[in-house]
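Analysis of the macromolecular model
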4 protein chains.
Amino acid sequence: MERKLKIGIIGAGRIGKIHATNIVKLSNVELISIADINIDAARELATKVGAKKYFSDFSEVINDDEVDAVIICSPTNTHAQLIIESANAGKDIFCEKPIDFNIEIIKEALNIVEKNGVNLQIGFNRRFDHNFKKIKDLAQENKLGNPHIIKITSRDPKAPPVEYVKNSGGIFMDMTIHDFDMARYLAGSEVEEVFAIGKVLINSEIENLGDYDTAVITLKFKNNAVCIIDNSRETSYGYDQRVEYFGLKGCAIAQNDKPTNTILLNENGVIEDKPLYFFLERYMQSFKDEIKVFVDSILNNKKVPVSGEDGLKATLIAKAALLSAKEGRPVRMSEIF
Amino acid sequence: MERKLKIGIIGAGRIGKIHATNIVKLSNVELISIADINIDAARELATKVGAKKYFSDFSEVINDDEVDAVIICSPTNTHAQLIIESANAGKDIFCEKPIDFNIEIIKEALNIVEKNGVNLQIGFNRRFDHNFKKIKDLAQENKLGNPHIIKITSRDPKAPPVEYVKNSGGIFMDMTIHDFDMARYLAGSEVEEVFAIGKVLINSEIENLGDYDTAVITLKFKNNAVCIIDNSRETSYGYDQRVEYFGLKGCAIAQNDKPTNTILLNENGVIEDKPLYFFLERYMQSFKDEIKVFVDSILNNKKVPVSGEDGLKATLIAKAALLSAKEGRPVRMSEIF
Amino acid sequence: MERKLKIGIIGAGRIGKIHATNIVKLSNVELISIADINIDAARELATKVGAKKYFSDFSEVINDDEVDAVIICSPTNTHAQLIIESANAGKDIFCEKPIDFNIEIIKEALNIVEKNGVNLQIGFNRRFDHNFKKIKDLAQENKLGNPHIIKITSRDPKAPPVEYVKNSGGIFMDMTIHDFDMARYLAGSEVEEVFAIGKVLINSEIENLGDYDTAVITLKFKNNAVCIIDNSRETSYGYDQRVEYFGLKGCAIAQNDKPTNTILLNENGVIEDKPLYFFLERYMQSFKDEIKVFVDSILNNKKVPVSGEDGLKATLIAKAALLSAKEGRPVRMSEIF
Amino acid sequence: MERKLKIGIIGAGRIGKIHATNIVKLSNVELISIADINIDAARELATKVGAKKYFSDFSEVINDDEVDAVIICSPTNTHAQLIIESANAGKDIFCEKPIDFNIEIIKEALNIVEKNGVNLQIGFNRRFDHNFKKIKDLAQENKLGNPHIIKITSRDPKAPPVEYVKNSGGIFMDMTIHDFDMARYLAGSEVEEVFAIGKVLINSEIENLGDYDTAVITLKFKNNAVCIIDNSRETSYGYDQRVEYFGLKGCAIAQNDKPTNTILLNENGVIEDKPLYFFLERYMQSFKDEIKVFVDSILNNKKVPVSGEDGLKATLIAKAALLSAKEGRPVRMSEIF
């Protein structure tokens, strides 16, 4: 009989709920336990998805012999500590991004993961998106040639509350970090230099926090690819998520997904649907797929596809971008550590 | 606490499996039992989805006091009898299309449904497809005006085995029947006259069975809409499912869904994905939604959205189409009974 | 030095102006003369495009020794007589469609053309449209396979004045005739049977004239292709001109042309331009190209690409369509003569 | 009677031929003379388009009392001198871009233009392209809001010969200069800072010339817009010319133009045409329109739409881009003069 991976989830918030709901639909997983500092949230989610245990203390999930792997969905400032505890308890780990805002803390956590020989997958779900994955597939099949220019458009429909921005680490850490990972994933190389421009064009309150709502970032890669990322925290037509990979042999462009493929033709023009509204709509399948691959990798002793190193690298680029934007100059990755 | 609808499924074949898998993901349903003349198939599916009972005898599902509603997924020639039995047992019914090939038998079954005051929903899942539903929504919001011309393209990727065609009732009954229902649904009116052309252009074996592999059907509706349907049993680029509603105020066109929205540009052109391969890929969400609506309707004492009458009407049109194709003349619906 | 074809134009109305303007841009043509019963119109156009002679009497163009070829752009009821005169004068002829509404008259004109051994090209300009020509090219390169289903959507932006309809020969003769020619051109075969449905859904005045404003026509071809044409005299989003050729190997779809390829994304959706407004915008290049090919054919002793026979055939199909619509039955082409 | 503008053309090369051919189709222009140092080329073109005079000496065009305006299509290194001569002769001037590679020389020429009060229009034809013009129109109608992010993709189908690159001024001067002008045109503001990355990824010979074949340039504008330009000298799918304007109210995207709108669906996918091959195909209408507007402006005493100042500004940005690429740092426009 098929072995089932026994999983505990830490954090019963929005992303914890998504993972819990998706996990219980997998036939090769048993969801054992859910922890949240808000015990009611933990109980409610556990009841809904049929997890048999729930706790307010995260350690109860981690130190449960019945649990093989933990999924960390708690606030960012707890990630590193929970990774360390879980690794020390010999559990395989799936952790939401970012690992931490502090590079030293990330490195320490990764060291302990390595020392314990457990698996750690970071939640860069967009690598599993059907459109972007097809670009990667075309690149790997050598249909595109070496990447010369990579373009990523990543625009949110609505700016988050100012409160959120205060603790998010800023636009490069809360938003562009996904694009930094996508750039590395598609370029198949490491960033050498970052040049970032940040602007406050939408909500002037954000300026007081030292953050931006509009950003353009250029990345130079070791393999000579140049990547351009553009971000906005507000978009009249919804969530704009496009990626382009231009090589000498071909160019692949991932366009937006829409709720329907029905068009309306009338006196105003030919009108298509706006893109799917936000990340829950746009990336739901990728949330399912990243967990599926995590589970399959563990059960089959394969390397997980998004490593702690990937989490670290994206964070380092975000640091470089912030420094570049503040100082108005390109920043070499060798300056960041 | 929320009431759950208790369901039994008859037939553990392809479509039975789909419904079973979708049903157990609904929070307001309990799947009680599964029956199949092949008891192994019934057991296997029951185990997989967690139904507590399984039988080889359909009556065990129908006459179980614990069951509120039955889903009939068995072969077509059993549908009418099972509808009758279920109605007499006071169960609400979801039945796959077509109800039967024989009009008298259908009418008898519908009479007994009516006499018993139970609900009967027919499995015209395409009404729940996101693209087609948007056309209907636009029409109901009066964005399109009265329908003048309705066009339905419905082409299968691969001709079925000749064995299948022998018992399918022919192309108008096994394939176009969905399009006939779609036409009535979008026109919001009843068909007056049918003119059908059938051709054997793909597989000459089909000719011996008196069936066609290519068909073009014109429907005249009472409200003056004219509908054109074109069918092919084989399509080089996969499953082609498009619908167009042209009215005086606007035109809505449902285009095909594709696996990704990523395009490849190279020396050969600008290349998009082919449409989703076949009905399982293309219409999976609509299979989920038709059952969800069935369940919600029953639990909330609302009329089910696709009636036995709808099942009868589509079958009558299929009869008229066959007669028209055979005799090479337009056939009035009043000729068919 | 390159020989120049010396041309006279008969008719200085809308289409005469188009041909005159296009002709004088060709380096291998000399525009000698223009005739119009309205001498002012003839003079004005001649002055504008630099033709040295103008007349009110058509015969002055036809019987001018300096003229090699005539372009007939006068009203339909003069076409046949002018073809006959021109042929008897040994001139090559380009004539606007239709040749006449009367089959006997057409046949007589074609006989005299043949007897005199002159060239006659009919103005089915759409064969020269870039989009439709590409379908024909793909078919001839055997990229599509035999035609199984051909679909032509041809909808005008605005119904013509009722006065126009009185003398136009009706929708099948003034509008669908282009589609009948396109169907023959793409099918590469002759029509066997026509089934036409006509409706008055836009302007009830048209009913009194015995004409229609909405039509759906099905054509059965000798090579088993089935063609569906849908027409409307009024379209909220402009001029809808699409063609589809479905064969076993592939399908080619000609979509509408638009003024720009710029899209606007905002809270209302993703908005493209409407199609080019009407035939002058949509088919201007094809008007240029049909004349260019006519001239090149004459100068190089090649067969002209759209023959008098093509003009006759399209008219016969229009006759059959009208009979079919009136009698509500499919009409065999063998019934029409 | 309508006044005609009397024009002389200097330079009978590729672009001279285009302008000559387009000009003689305008009803309000008389083409008087053509000069080329190669007298045969001048004669041949004059004969072809019907200009009555031709010379090998440019001054014969400029100092001809019959000429109102000159169109300068000679090599770049003659532009400034010819502008000066023409201005001193009181002629209105249309000059191809760039005016010169040397800023001082450009400024001197512009001074003399101003002193003589003649009109000078620079050949930034892309401003007249239908797709890009629609973006500008939408912006001016305030459908888009202030520009936050402007993206320009400009990729040539095939790298030019190395010989060409030797005298072209390099990629920023021979290729991106059009994009710099487009950026200023759409942003409606002046550039403050330029950050350019240049790479040699296609043809290593170009490296020896100190030029690049792949470039990514970021422009910061005074009004806070940020513009990203990406260039490649070689593109597998032809000429890629796209522009995007993203503002708070809406986003406009100019997509590529294609030879046809016919798509082919087969087992390989859904295949559209590649973009129009190169600038002659893609921008032919804009070449016509820029001259038309020049002529209309002169005849109606209106300001010409693309000024000498526009020519100067684009050249300054190209200088800044080269400096930035060489030194690997953002360059303020105030550094360039």
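**Quick word on the overall build of chain A**
- When you go through chain A residue by residue, the secondary structure sums to 13 helices and 15 strands.
- Here the C-alpha atoms of chain A give a radius of gyration of 20 Å, agreeing with the 20 Å that 2.2 N^0.38 yields for 337 residues.
- Considering only intrachain contacts with a sequence separation of at least 6, the fraction spanning at least 24 residues in chain A is 68%.
- Of the roughly 12,700 Å² that chain A leaves accessible, carbon and sulfur atoms contribute 47%.
- Averaging the positions of the 43 positive and the 49 negative side-chain charges in chain A gives two centres separated by 4 Å.

**A word on the packing of aromatic side chains**
Residue and element names in this part refer to chain B.
- For the structure shown, the criterion picks out 38 aromatic pairs over all chains.
- Here Phe 94 and Phe 294 contribute two aromatic rings whose centre-to-centre distance is 5.6 Å and whose plane-to-plane angle is 75°, an arrangement assigned as edge-to-face. With Phe 94 in strand E5 (residues 92-95) and Phe 294 in helix H11 (residues 279-299), this residue pair connects regions lying 200 residues apart in the sequence.
- We classify Phe 294 as buried; its relative accessible area is 0%.

**Re the interface of chain A and chain D**
- Opposite the 36 residues of chain A that make contact, chain D presents 36 residues.
- At the boundary of chain A with chain D, total buried surface from both sides reaches about 3,100 Å², with 67% on carbon and sulfur atoms.
- Here chain A and chain D share six salt bridges between them.
- Residue Arg 242 of chain A pairs with Glu 244 of chain D through a salt bridge whose shortest N-O separation is 2.8 Å.
- In this assembly, chain A and chain D are joined by 12 residue pairs in polar contact (both at pLDDT 80 or more).
- Elements supplying a minimum of two residues to the side of chain A that touches chain D: strand E7 (147-155), strand E8 (191-199), strand E9 (214-221), strand E10 (226-232), strand E11 (240-247) and strand E12 (251-254) of chain A.
- Here the side of chain A that touches chain D is composed, by residue class, of 14 nonpolar, 11 polar and 11 charged.

**Quick look at unusual backbone geometry**
All names here are of chain A.
- With an omega of -10°, the peptide bond running from Lys 97 to Pro 98 counts as cis.
- The residue Pro 98 is located in the loop between strand E5 (92-95) and helix H5 (103-116) in this model.
- Despite not being glycine, Asn 224 shows a phi value in the positive range, around 80°.
- The topology assignment puts Asn 224 in the loop between E9 and E10.
- On the basis of relative accessibility, which here comes to 32%, the residue Asn 224 falls in the partly exposed class.

**Re the interface of chain D and chain C**
- Tallying the contact residues gives 26 residues for chain D and 26 residues for chain C.
- Contact between chain D and chain C buries roughly 2,100 Å² in total, counting both sides, with carbon and sulfur atoms accounting for 51%.
- Of the charged contacts in the structure, one is a salt bridge between Asp 273 of chain C and Lys 134 of chain D, with a shortest N-O distance of 2.3 Å.
- Linking chain D with chain C are 18 residue pairs in polar contact (both at pLDDT 80 or more).
- Among the secondary structure elements, those contributing two or more residues to the side of chain D that touches chain C are helix H6 (130-140), strand E12 (251-254) and strand E13 (262-266) of chain D.
- With six residues, the top contributor of residues to the side of chain D that touches chain C is H6 of chain D.
- Note: strand E12 (residues 251-254) of chain C against E13 of chain D, four bridges, orientation antiparallel. Bridge pairing links Ala 254 of chain C to Thr 262 of chain D in E13 of chain D.

**Remarks on empty space enclosed by the protein**
Residues and elements named next belong to chain A.
- Summed over the entire model, instances satisfying the criterion amount to five cavities of 30 Å³ or more.
- If you trace the second largest cavity, you find it lined by Arg 126, Phe 132, Ile 152, Thr 153, Ser 154, His 178, Asp 179, Met 182, Gln 241, Arg 242, Val 243 and Tyr 283.
- Elements represented by at least two residues in the lining of the second largest cavity include exactly E7, helix H9 (176-187) and E11.
- Class assignment for the residues of the lining of the second largest cavity results in five nonpolar, four polar and three charged.

**Some words on the nonpolar core**
- Phe 172 and Leu 219 of chain A together with Phe 172 and Leu 219 of chain C are the most contacted members of the largest nonpolar core, which has 214 residues in total.
- With residues up to four places along the chain from it excluded, the contact list for Phe 172 of chain A reads Ile 177, Phe 180, Ala 196, Tyr 212, Ala 215, Ile 217, Ala 318, Ala 321, Leu 322 and Ala 325 of chain A.
- With 212 residues, the next largest nonpolar core counts Ile 23, Phe 180 and Ile 298 of chain B together with Ile 18 of chain D among its residues.

**Comments concerning the relation of the copies chain D and chain C**
- Of the two same-sequence chains, chain D is brought onto chain C (RMSD 0.0 Å, axial shift 0.0 Å) by a rotation of 180°. A rotation of that kind, with that shift, is consistent with a two-fold axis. Measuring from the rotation axis to each C-alpha of chain D, the shortest distance belongs to Lys 25 of chain D, at 4.0 Å.
- Interface overlap between copies: 100% of the residues of chain D at the interface are likewise at the interface in chain C, consistent with a symmetric, same-surface contact.

**Describing the sheet that holds strand E3 (residues 53-55) of chain A**
Residues and elements named next belong to chain A.
- Read from one edge to the other, the open sheet built from six strands follows the order E3-E2-E1-E4-E5-E6, with strand pairing classed as parallel. The open sheet has two edge strands with one neighbour each: E3 and strand E6 (120-122). When strand polarity is set aside, the average angle formed by the axes of neighbouring strands in this sheet is 20°.
- Here E5 pairs with E6 via three bridges, running parallel. Looking across to E6, one finds that Cys 95 is bridged to Ile 122.
- With respect to the sheet, helix H12 (residues 284-299) is in contact with strand E1 (5-10), strand E2 (29-35), strand E4 (69-72), E5 and E6, its orientation differing from that of E5 by roughly 165°.

**Examining the environment of Ile 23 of chain A**
- Note that Ile 23 of chain A resides in helix H1 (residues 14-23).
- Spatially, the C-alpha atoms of Ile 23 of chain A and Phe 132 of chain A are 23 Å apart, while their sequence positions differ by 109 residues.

**Remarks on the pairing of strand E9 (residues 214-221) of chain C**
Residue and element names in this part refer to chain C.
- Counting buried residues along E9, eight of its eight residues qualify, which places the element largely inside the surrounding structure.
- The side-chain alternation of E9 yields two buried faces, one formed by Thr 214, Val 216, Thr 218 and Lys 220 and the other by Ala 215, Ile 217, Leu 219 and Phe 221.
- Pairing between E9 and strand E10 (residues 226-232): seven bridges, direction antiparallel. From the neighbouring strand, Thr 218 faces E10, where its bridge partner is Ile 228.
- Taken together, E9 and the strand that follows it, E10, pair antiparallel across an intervening segment of four residues, in which Asn 224 is found at a positive phi of about 80°.

**Thoughts on the pattern of salt bridges**
- Per the counting criterion, the structure on display carries 130 salt bridges over all chains.
- Here Arg 126 of chain A makes a salt bridge to Asp 179 of chain A, at a shortest N to O gap of 3.3 Å. Residue Arg 126 of chain A is located in the loop between E6 and helix H6 (130-140), and its partner Asp 179 of chain A is located in helix H9; the two are separated by 53 residues in the primary sequence. Grouping residues by exposure puts Arg 126 of chain A and Asp 179 of chain A together as buried.
- The salt bridge partner of Asp 296 of chain D is Lys 292 of chain D, with a shortest N-O separation of 3.1 Å. Remark: Lys 292 of chain D and Asp 296 of chain D occur in helix H12 (residues 284-299); sequence separation between them is four residues, near one turn of the helix.

**Here we look at the sheet that holds strand E5 (residues 92-95) of chain D**
All names here are of chain D.
- What the six strands build is an open sheet, ordered E3-E2-E1-E4-E5-E6; its pairing is parallel. Strands with a single pairing partner mark the edges of an open sheet, and in this sheet they are strand E3 (53-55) and strand E6 (120-122). Ignoring which end each strand starts from, the neighbouring axes of this sheet average 20° apart.
- When strand E4 (residues 69-72) meets E5, the two strands line up parallel, connected through four bridges. Of the residues in E5, the one forming a bridge with Ile 71 is Phe 94.
- Sheet contacts for helix H1 (residues 14-23): strand E1 (5-10), strand E2 (29-35), E4 and E5; angle to E1, the most-contacted strand, approximately 160°.
- Those strands touched by H12 are E1, E2, E4, E5 and E6, and its axis lies near 165° from that of E5.

**What to know about the environment of Thr 218 of chain A**
- Relative to the elements of secondary structure, Thr 218 of chain A occurs in strand E9.
- Residue Thr 218 of chain A is classed as buried on the basis of its relative accessible area, which comes to 2%.
- For the pair Thr 218 of chain A and Ala 321 of chain A, spaced 103 residues apart in sequence, the C-alpha to C-alpha distance is 9.1 Å.
- Every residue in contact with Thr 218 of chain A, bar those within four places of it in the chain, is listed here: Glu 193, Val 194, Phe 195, Val 226 and Cys 227 of chain A together with Ile 197, Val 216 and Thr 218 of chain D.

**What to know about the environment of Ala 89 of chain A**
All names here are of chain A.
- Within the secondary structure, Ala 89 is located in the loop between helix H4 (76-88) and E5.
- Looking at Ala 89, the relative accessible area reads 29%, which means it is partly exposed.
- The spatial distance from the C-alpha of Ala 89 to the C-alpha of Ala 325 is 41 Å, given a sequence separation of 236 residues.
- Each residue touching Ala 89, except ones within four places of it in the same chain, is listed here: Ile 62 and Asn 63.

Quick notes on the rules
- Residues numbered from 1 in each chain as written.
- Chains lettered and ligands numbered in written order.
- Predicted model: local features only at pLDDT ≥ 70, side-chain atom pairs only at ≥ 80, totals over all residues.
- Heavy atoms only, no water.
- Helix = DSSP H or I, 4+ residues; strand = E, 2+ residues; numbered from the N terminus.
- Rg over C-alpha atoms; globule rule 2.2 N^0.38 Å.
- Contact = heavy atoms within 4.5 Å.
- Areas by Shrake-Rupley, 256 points an atom, 1.4 Å probe, with all protein chains shown as cover.
- Lys, Arg positive; Asp, Glu negative; His and termini not counted.
- Charge placed at Lys NZ, Arg CZ, Asp CG, Glu CD.
- Phe/Tyr/Trp six-rings, centres within 6.5 Å; stacked < 30°, edge-to-face > 60°.
- Buried < 20%, exposed > 50% of the residue type's maximum accessible area, 1.4 Å probe, protein only.
- Buried area = accessible area lost by both parts, 1.4 Å probe.
- Salt bridge = Lys/Arg side-chain N within 4 Å of Asp/Glu carboxyl O.
- Polar contact = N/O pair within 3.5 Å; in protein donor to acceptor, adjacent residues only side chain to side chain.
- Nonpolar A, V, L, I, M, F, W, Y, C, P; charged D, E, K, R; others polar.
- Pairing = 2+ DSSP bridges.
- 1 Å grid on protein atoms, 1.4 Å probe; cavity = no way out; pocket = protein on both sides within 12 Å on 5 of 7 lines; lining within 4 Å.
- Points joined across faces, edges and corners; volume = space filled by probe spheres on them.
- Core = buried A, V, L, I, M, F, W, Y, C linked by side-chain atoms within 4.5 Å.
- Least-squares fit on C-alpha atoms with pLDDT ≥ 70 in both.
- Axes fitted to C-alpha atoms, helices over the stretch in contact; angles between N-to-C directions.

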